[in-house]
Amino acid sequence: MQTAALSSDPIHDVGRYENNPLRAIFEPKTVAVIGASEKVGSVGRTVLWNLITNPFGGTVYPVNPKRANVLGIRAYPTVKDIPEPVDLAVLVTPAPIIPGLIKDCAEAGVKSAIIISAGFKEMGAPGIELERQIMEHARRSGMRIIGPNCLGVMNPLNGLNATFAAGIARPGNVAFISQSGALCTAVLDWSLSAKVGFSAFVSIGSMVDVGWGDLIDYLGNDPRTQSIVIYMESIGDARTFLSAAREVSFTKPILVIKAGRTAAAAKAAASHTGSLTGSDEVLDAAFNRCGVVRVDSIVDLFSVADVLSKQPRPRGPRMTILTNAGGPGVLATDALIQGGGELTEISKEAFDKFNAFLPAQWSRNNPVDILGDGDAERYAKSLEIAASDANTDGMLVILTPQDMSDPTGTAERLKAYAQIEGKPVLASWMGGGNIAAGEEILKRAGIPNFRYPDIAARIFNYMWRYSYNLKGIYATPDAASEVNEPNREKARKIIEDVRTGGRTILTEFESKAVLSAYGIPVVDTRIAQSEDEAVEHAKAMGFPVVLKLFSETITHKTDVGGVQLNLHSEATVRKAWNAIKDSVTAKVGAEHFQGVTVQEMIRMEGYEIILGSSIDNQFGPVMLFGTGGQLVEVFKDRALGLPPLNSTLAQRMMEQTKIYKALGGVRGRKPVDLHALKQIMINFSFLAVEQQWIKEIDINPLLASPDRLVALDARIVLHGPEVKAESLPTVAIRPYPIQYVNQIEVAGQQVLVRPIRPEDEPIFSEFNAGLSVQTVYQRFLQPLEISRLTGHEQLTRFCFVDYATELPLVAEIKADGKRKIIGVARLRKIHSGRDGRFSLLIADEWQHKGLGRRLMEALVHVAAEEGLDSVGAPMLAENMRMQAICRKLGFTLTPSAEEGLVRADLKLENK
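Read on for an overview of the structure. (Residues numbered from 1 in each chain as written. Predicted model: local features only at pLDDT ≥ 70, side-chain atom pairs only at ≥ 80, totals over all residues. Heavy atoms only, no water.)

**Quick word on unusual backbone geometry**
With omega at -5°, the peptide bond leading from Gly147 into Pro148 counts as cis. Among the secondary structure elements, Pro148 is positioned in the loop between β7 (144-146) and β8 (152-155). The backbone of Lys195 shows a phi angle near 60°, a positive value even though the residue is not glycine. Residue Lys195 is classed as exposed on the basis of its relative accessible area of 62%. Positive phi is not limited to glycine here, since Arg364 has a value of about 55°. (Helix = DSSP H or I, 4+ residues; strand = E, 2+ residues; numbered from the N terminus. Buried < 20%, exposed > 50% of the residue type's maximum accessible area, 1.4 Å probe, protein only.)

Following this line, the structure appears as structure tokens:
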């Protein structure tokens, strides 16, 4: 009684590509050129000429109210006068009249548009207003727009050239998207001479509508695109970019060169695009979080794309270098290590094999120097040994053309090792004419060759980082990493009381109370508003104690003499009280002294850590982890990450810092409880994203010792009264939607209905493994081996979802004390995000008990709450039980265009 996705892939829906509105841009049947001209050198003439001289299988209509024809083709006064529906309009008129022309397009039913004209938000307020008017008209009709201020779009696979470039790109399997039109023309010119082909060539402009996320989603589902390379100046809608990139990067590499690493470059990029570029450090964290590979040069951009299309991703950073000369091996080693890679520590088994057949003078280490007289057989045998070494993740073969070398014969022998599962093979045939034939052989075999070995090592570093980031995203987190239910209401109430009181800074006591509500251990802290009360608290706690200033206006207590440590007696407590009071009064005024807090004096050997969160103008809350204490700004040992975290992501943040090694135990010291520390980071991440009025949080220090983890000091700053609830920063990665967790009763048993989590992978695998052949067929509209539904790679696509675009609800029961999934209803937003696609899958033993209907009711409720206009799906015509459920819930059933299928659709009254 389940619906199905129309796809050969049990997770992906081919309809997402075939029905994507962007197809009207890349595969139009009719194109209108608004502003077409015969003036030599004009953009209007060039665009029209490119369209008619590069047949794309469609019709071109010039639009020019002053001419009867343009370049011999009949012209029309307006787009409304064109005699058939228009898929794509290309606008090349002055900016001020563009909004009116877009209105005409919308009224004529034009599906999409490319605005090549400049003069919009990069010009300031007047240009921003023009863009607002454009989108007001476009949204009414659902028209999608690329630009403005762009070169245009090419689809070399079908011949479409809707640009003013000089020529069209070669067809290939790489999609190129650029925010700079001028860079597009330079890359185009280079690609033609380098014989590099493209599946799409897009100048995206200033992204008034179609952004990175839209294009990544479209190209990610395009079967003809194998990789996506991007030149980026500003990220635009961070959430849609991260959402699309995270999903697509799992199967297709996304490579980005991002301008604006330096302050001067960022300023230039902002003036170019009219957009803020954001923190470069935060952008790196965002790319890591979604599996995007950031490269540093245009050359690397296409080199990495080429290598990843020919060779497997390495499983780790360890490389074995084979060479017939010492110097090039040293150069490759330097580049590898400086980029974060590692030389393989050759295993004893591999070492013995090398030693058995290589000349006695071989290097006996990595790089493996097989000596200058190394022939083709010696190279081939060495590569075979290196590839069989369990310690290695990839191989680089270097050949210098010495008298005894055979570049061509060696290349021929290496062809047999061109594809080794999980281990890429790179080559560096150094030289010129002598190695040309060998270079061509390697190229045809799919072994990437680099003129210099340090370049090859650099490319390998990009490759293993890609694998590393994907593992971070899709590694199954510990089940224990699920946050223990925090007391959200308590935290919210503390924050609301502070705001009601007209304050934006929480006291240390209030800050610690908020942390405690989220399960973060804090040192015992008590407020004393008199000298005698301070003494009573100290006696109750036991000496020694610490006294700190209690103030609603001052957060940096040490600056005003507001901290007194190691107080061993009543007398020292009284003395400390008066010392703090006198110091604060003298430095900032008596009104800033409201008492002290009395705290336990922690005496233990440990490490001071900082945990923090602040707001980035593009990505919202950003977490920080690193070495804490008073010298935090001196050491600058830190890692950034986007919340919320799970155990894997928390681990990755820690691994990026120097203090991480110390936390694991060094020089005889016991390790701290890293599992507990990860849980604190996870809880902290949920606090950062759930309590949206928080602007900044610092725990500094969080004391980490083998015996205890405890926050000694905390500071929370809220957004000011000028910030309205509707304008609070958006979280880049949507947190777990707890509002959709509900308890229901089915067949007399309690069932928990909740959104799925990555931690569910093991029990979801058990659920899939228990499905019958018939149930699988009804869900996926095709017979599938159960093994396709239980492997880690497939399960990640079920369980590791982005809640901004997909909301699978699982039904869970307890059986024999263990959690068990018995059903799942999946809702996926499609294209514009206003419509949804659903599917339903119920365990065989739970069918005919009413669970399917209850899950569908929950799913429809979620769809309405998410603001969707409609939800629908196809199903087998023979699946009468599913159809009956849909009818009861108000769905309309209609025959599908595909034989044997029925479509169910429901219009929603959304929020």
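There's plenty left to go through after this.
**What about the packing of helix α14 (residues 376-388) against helix α15 (residues 407-414)?**
Two numbers describe how α14 lies on α15: the axes approach to 8 Å, and their chain directions differ by 35°. Regarding α14 and α15, the two cross each other, and that crossing is right-handed. Each of Ala376, Glu377, Tyr379, Ala380 and Leu383 in α14 lies in contact with α15, whose residues at this interface are Gly409, Thr410, Arg413 and Leu414. The residue makeup of the contact of α14 with α15, split by class, is 5 nonpolar, 2 polar and 2 charged. (Axes fitted to C-alpha atoms, helices over the stretch in contact; angles between N-to-C directions. Left-handed = near helix turned anticlockwise from the far one by under 90°. Contact = heavy atoms within 4.5 Å. Nonpolar A, V, L, I, M, F, W, Y, C, P; charged D, E, K, R; others polar.)

**Structural notes on the sheet that holds strand β31 (residues 749-755)**
Strand order across the open sheet formed by 8 strands is β30-β31-β32-β33-β34-β35-β37-β36, with mixed pairing between neighbours. Looking at the sheet topology across the chains shown, the edges are occupied by β30 (742-746) and β36 (892-895). Neighbour to neighbour, the strand axes of the sheet diverge by 30° on average, direction disregarded. Running over the sheet, helix α27 (residues 773-780) touches β34 (835-842) and β35 (870-876) and is turned about 175° from β34. (Pairing = 2+ DSSP bridges.)

**Looking at the pairing of strand β37 (residues 901-907)**
Across 7 bridges, β35 lies against β37 in antiparallel orientation. What sits directly across from Leu876, in β37, is Leu901. Two strands pair when backbone bridges link them, and β36 and β37 are joined in this way by 4 bridges, in the antiparallel orientation. Bridge pairing in β37 places Thr894 opposite Arg903. In textbook terms, the turn of a hairpin is the stretch between consecutive antiparallel strands, and for β36 and β37 this stretch comprises 5 residues, one of which, Gly900, has a positive phi near 85°.

**Some details on a nonpolar patch on the surface**
On the surface, Leu631, Val634 and Phe635 cluster together to form a nonpolar patch covering roughly 320 Å² of accessible area. As for its placement among the helices and strands, Val634 is situated in helix α22 (residues 632-635). Here Val634 falls in the exposed class, since its relative accessible area comes to 60%. (Patch = residues over 30% accessible without salt bridge, like charges linked within 9 Å, V, L, I, M, F, W, Y side chains within 5 Å. Areas by Shrake-Rupley, 256 points an atom, 1.4 Å probe, with all protein chains shown as cover. Salt bridge = Lys/Arg side-chain N within 4 Å of Asp/Glu carboxyl O.)

**A few points about the environment of Ala200**
Its place among the elements puts Ala200 in strand β11 (residues 197-203). Separated by 475 residues in sequence, Ala200 and His675 place their C-alpha atoms 46 Å apart. Ala200 has contacts with Phe26, Met154, Pro156, Val174, Ala175, Phe176 and Leu219, leaving out every residue within four places of it along the chain.

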